[in-house]
There are 2 protein chains.
Amino acid sequence: MAAAAPPPPPTDTPELNMNNPEPHHLFTRIRLATSSDTPLIHKMIHQMAVFERLSDQCVATEQSLSATLFSPTNIPFQSFTVFLIEVSKLPFSPNFISPNFKPISKILNLEYPVNDPEEKVFKSLVGQENGDVYVAGFVLFFPNYSTFLAKPGFYIEDLFVRECYRRKGLGKMLLSAVAKQAVEMGFGRVEWVVLDWNINAIKFYEEMGANVMKEWRVCRLTGDALKGYADNG
Amino acid sequence: MAAAAPPPPPTDTPELNMNNPEPHHLFTRIRLATSSDTPLIHKMIHQMAVFERLSDQCVATEQSLSATLFSPTNIPFQSFTVFLIEVSKLPFSPNFISPNFKPISKILNLEYPVNDPEEKVFKSLVGQENGDVYVAGFVLFFPNYSTFLAKPGFYIEDLFVRECYRRKGLGKMLLSAVAKQAVEMGFGRVEWVVLDWNINAIKFYEEMGANVMKEWRVCRLTGDALKGYADNG
């Protein structure tokens, strides 16, 4: 997850900026992912694993992701849910239909245009739009529960923005979209975890209003240790 | 959560033990909770809040628990799920029917009988049994998701054993039941959190095969900070 930080120094030529003295519009849209988006979600999950230096732990395939994230019994917001954030140089069509979630659109004014080296790979596969649309990031979340509040909440498992789109507020937009959805559903909390050495991310989350709870540790039972419980009654 | 520890010194009179030189049988059963169990779950949640010195944060009512844990759309193991552990001095009826989960029974041989000061309050409200059945604890859990594994898992929100039944293996039985269910469903992980100063609990969890992940911190967005996202787009 990209933390809030100043924009990077310009990498484009001065000529380009002289030809375009106005800010560069980047149209963004957050929408619910569908099974058609699985190949791009799969690619971003593997990019995230590389970034976290945990590639060896990432065994997700397009098939296993599709079967677990987009099975017919999987109802958005009641189970595993993925928001994608898409970007385009042209406005998004207002006719895009999504039965479970009204897309959230926002226009960013950037000082410099984004140079996306993986444009062809991340071309959005859903919807008919005026111009080319690219997937820039995703957030995966699902309901959790607080017994003290007797209310559901959302737990965010992953928040990822592709490298060339970082430091432009897209991560904040994704997190805000989950928080807004939680409020609308009357939920009590949004929770996630962060690595304790990732001070930029911690600063970013605290600025967004989150408490970083210092005393709690995550316990995980997995692999052979978990399988050992199969026949233990 | 009670950690594995030696049994407490005897509090019963020597006469009682002389009259009962055989071990004391305690029949136990883990079953799915239903909405009828809400009053006892509610009482245990408040006992847990007192134990954790967080009573002021516990606003759960019987009504709010019932509405969120046992709504018609709430399918066990696909959403919020509660296992209860019950105890009885007589064997449980083999005729108990539970459509979604085969109850797990175990006979404990105790050196001393349990003196339950709240027997009347925690009399089980479900099922026709030979003798009196009491609710001794619960575990509340729900699916989570690992993108790296592309598999669901279970997250345990609460594990609670009533004070007079601690240090007899009931917590381990509840945790094992969740792990066993996870394996049967092909899930990849069981996770929960523990307070870093609770070294007895950490030792207990590690003995059960769990890894305590030292680098991760839980972030929580709640209360007014969460509500602030209602109108922020």
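Quick note: structure is the one above.
In this report, the structure presented in the accompanying data block is examined.

Thresholds, definitions, all that
- Each chain carries its own residue numbering, running from 1 in the direction its sequence is written.
- The naming scheme follows written order: chains are lettered A onward, ligands numbered 1 onward.
- In view of the model being predicted, local features appear only for residues whose pLDDT reaches at least 70, and side-chain atom pairs are presented and counted only at 80 or more, with totals across whole chains, interfaces and linings using the full set of residues.
- Side-chain metrics in this entry use all non-hydrogen atoms of the structure; hydrogen atoms and water are not considered.
- Going along the chain from the N terminus, every DSSP run of H or I of four or more residues is numbered as a helix, and every run of E of two or more is numbered as a strand.
- Under the scheme applied here, a residue whose accessible area is under 20% of the maximum for its type counts as buried, over 50% as exposed, and between as partly exposed, the area being computed with a 1.4 Å probe on protein chains only.
- As used here, the arc is the angular range of directions from the helix axis to the C-beta atoms.
- Any two residues having at least one pair of non-hydrogen atoms within 4.5 Å are treated as being in contact.
- Once two parts are brought into contact, the accessible area they lose, counted with a 1.4 Å probe and summed over both, makes up the buried area.
- For this analysis, a salt bridge means a side-chain nitrogen from Lys or Arg found within 4 Å of a carboxyl oxygen belonging to Asp or Glu.
- Between N or O atoms, a polar contact is any pair within 3.5 Å; within protein, one atom must be a potential hydrogen donor and the other a potential acceptor, and residues adjacent in sequence are included only when both atoms are from side chains.
- A pair of strands is labelled paired if DSSP reports no fewer than 2 bridges between them.
- Here an axis means a line fitted to C-alpha atoms, over the contact stretch when the element is a helix, while the angle between two N-to-C directions is reported on a 0 to 180 degree scale.
- Between 65 and 115 degrees an angle is taken as roughly perpendicular, under 35 as roughly parallel, over 145 as roughly antiparallel, and anywhere else as oblique.
- Crossings are sorted by hand: turned counterclockwise from the far helix by less than a right angle, the near helix makes the crossing left-handed, and turned clockwise it makes it right-handed.
- Residues are grouped as follows: Ala, Val, Leu, Ile, Met, Phe, Trp, Tyr, Cys and Pro are nonpolar; Asp, Glu, Lys and Arg are charged; every other residue, Gly included, is polar.
- Superposition of the copies was done by least squares, using only C-alpha atoms of residues whose pLDDT is at least 70 in both.
- One less than the residue count of a helix, multiplied by 1.5 Å, gives the span that helix is expected to have.

### Some words on the environment of Leu 159 of chain A
Residues and elements named next belong to chain A. Along the chain, Leu 159 falls in strand 5 (residues 151-161). For Leu 159, a relative accessible area of 9% puts it in the buried group. Linking Leu 159 and His 42, residues 117 residues apart in sequence, is a C-alpha distance of 14 Å.

### Quick notes on helix 3 (residues 62-69) of chain A
Buried within helix 3 of chain A are the following residues: Leu 65, Thr 68 and Leu 69 of chain A. All buried residues of helix 3 of chain A lie within an arc of 85 degrees about the axis, which places them on one face of the element. Exposed residues on helix 3 of chain A whose side chains face more than 90 degrees from its buried face are Gln 63 and Ala 67 of chain A. Considering only its buried residues, helix 3 of chain A is in contact with helix 2 (38-51), strand 2 (81-88) and strand 4 (133-146) of chain A together with strand 4 (133-146) and strand 5 (151-161) of chain B.

### Re the interface of chain A and chain B
The parts lose accessible area when they come together, and the size of an interface is often stated as this lost area. Opposite the 68 residues of chain A that make contact, chain B presents 68 residues. Contact between chain A and chain B buries roughly 6800 Å² in total, counting both sides, with carbon and sulfur atoms accounting for 63%. At the boundary of chain A and chain B, one finds four salt bridges. A salt bridge links Asp 196 of chain A to Arg 217 of chain B; the nearest nitrogen and oxygen atoms lie 3.5 Å apart. If you look at where chain A meets chain B, you find 30 residue pairs in polar contact (both at pLDDT 80 or more).

### Description of the sheet that holds strand 2 (residues 81-88) of chain B
Here eight strands make up an open sheet; going across it, the order is 3(B)-1(B)-2(B)-4(B)-5(B)-6(B)-8(A)-7(B) and the pairing mixed. Here the strands that pair on one side only, and so sit at the sheet edges, are strand 3 (104-110) and strand 7 (211-213) of chain B. Averaged over all neighbouring strand pairs, the angle between strand axes comes to 30 degrees, with direction disregarded. Bridge count between strand 8 (residues 216-222) of chain A and strand 6 (residues 189-195) of chain B: seven bridges; the pairing is antiparallel. Residue Trp 216 of chain A lies in a different strand from strand 6 of chain B, and its bridge partner there is Leu 195 of chain B.

### Topic: the packing of helix 2 (residues 38-51) of chain B against helix 3 (residues 62-69) of chain B
All names here are of chain B. Packing of helix 2 against helix 3 leaves a shortest axis separation of 9 Å and a crossing angle of 115 degrees. With respect to helix 3, the element helix 2 is oriented roughly perpendicular. Here helix 2 and helix 3 pass one another in a crossing that is right-handed. Contact residues: Thr 38, Pro 39, His 42 and Ile 45 in helix 2; Glu 62, Leu 65 and Ser 66 in helix 3. Here the contact of helix 2 with helix 3 is composed, by residue class, of three nonpolar, three polar and one charged.

### Looking at the pairing of strand 6 of chain B
Residue and element names in this part refer to chain B. In terms of burial, strand 6 is a largely internal element, six of the seven residues being buried. Strand direction decides the pairing type here: strand 5 and strand 6, joined by two bridges, are parallel. The residue bridging Phe 154 from the neighbouring strand is Val 190, located in strand 6.

### A few points about the sheet that holds strand 7 (residues 211-213) of chain A
Read across the sheet, eight strands follow the order 3(A)-1(A)-2(A)-4(A)-5(A)-6(A)-8(B)-7(A) without closing on themselves; strand pairing throughout is mixed. With partners counted over all chains shown, the strands left at the sheet margins are strand 3 (104-110) and strand 7 of chain A, one partner each. Strand-to-strand, the axes of this sheet are offset by a mean angle of 30 degrees, without reference to chain direction. The pairing of strand 7 of chain A with strand 8 (residues 216-222) of chain B spans three bridges and is classified as antiparallel. From the neighbouring strand, Met 213 of chain A faces strand 8 of chain B, where its bridge partner is Val 218 of chain B.

### What to know about the relation of the copies chain A and chain B
With an RMSD of 0.0 Å, the operation that places chain A on chain B is a rotation of 180 degrees combined with a shift of 0.0 Å along the axis. When the rotation and shift are considered jointly, the pair of chain copies conforms to a two-fold rotation axis. Taking C-alpha positions as reference, the residue of chain A nearest the rotation axis is Arg 217 of chain A, located at 3.4 Å. Most of the interface of chain A is mirrored in chain B: 100% of its interface residues are interface residues there too.

### Brief notes about helix 2 of chain B
Helical geometry: 3.6 residues make up each α-helical turn, so side chains three or four residues apart lie on a common side. All names here are of chain B. With 14 residues, helix 2 should reach 20 Å at 1.5 Å per residue; the first-to-last C-alpha distance of 20 Å fits that figure. Of all the positions in helix 2, only Thr 38, Leu 40, Ile 41, His 42, Met 44, Ile 45, Met 48 and Ala 49 are classed as buried. In this structure, the buried residues of helix 2 make contact with helix 3, strand 2, strand 4 and strand 5. Phi turns positive, to about 55 degrees, at Arg 53, one or two residues after helix 2.

### A short note on the pattern of salt bridges
Residue and element names in this part refer to chain A. Tallied over the full model, the rule gives 18 salt bridges over all chains. Where Glu 184 meets Lys 180, a salt bridge forms, and the shortest distance between an N and an O atom there is 3.3 Å. A residue pair is termed a helical-turn pair when its members lie 3 or 4 positions apart in one helix, as Glu 184 and Lys 180 do in helix 4 (residues 170-184) at four residues. Among the charged side chains, a network of salt bridges with common partners joins Arg 29, Arg 31, Asp 37 and Glu 86.

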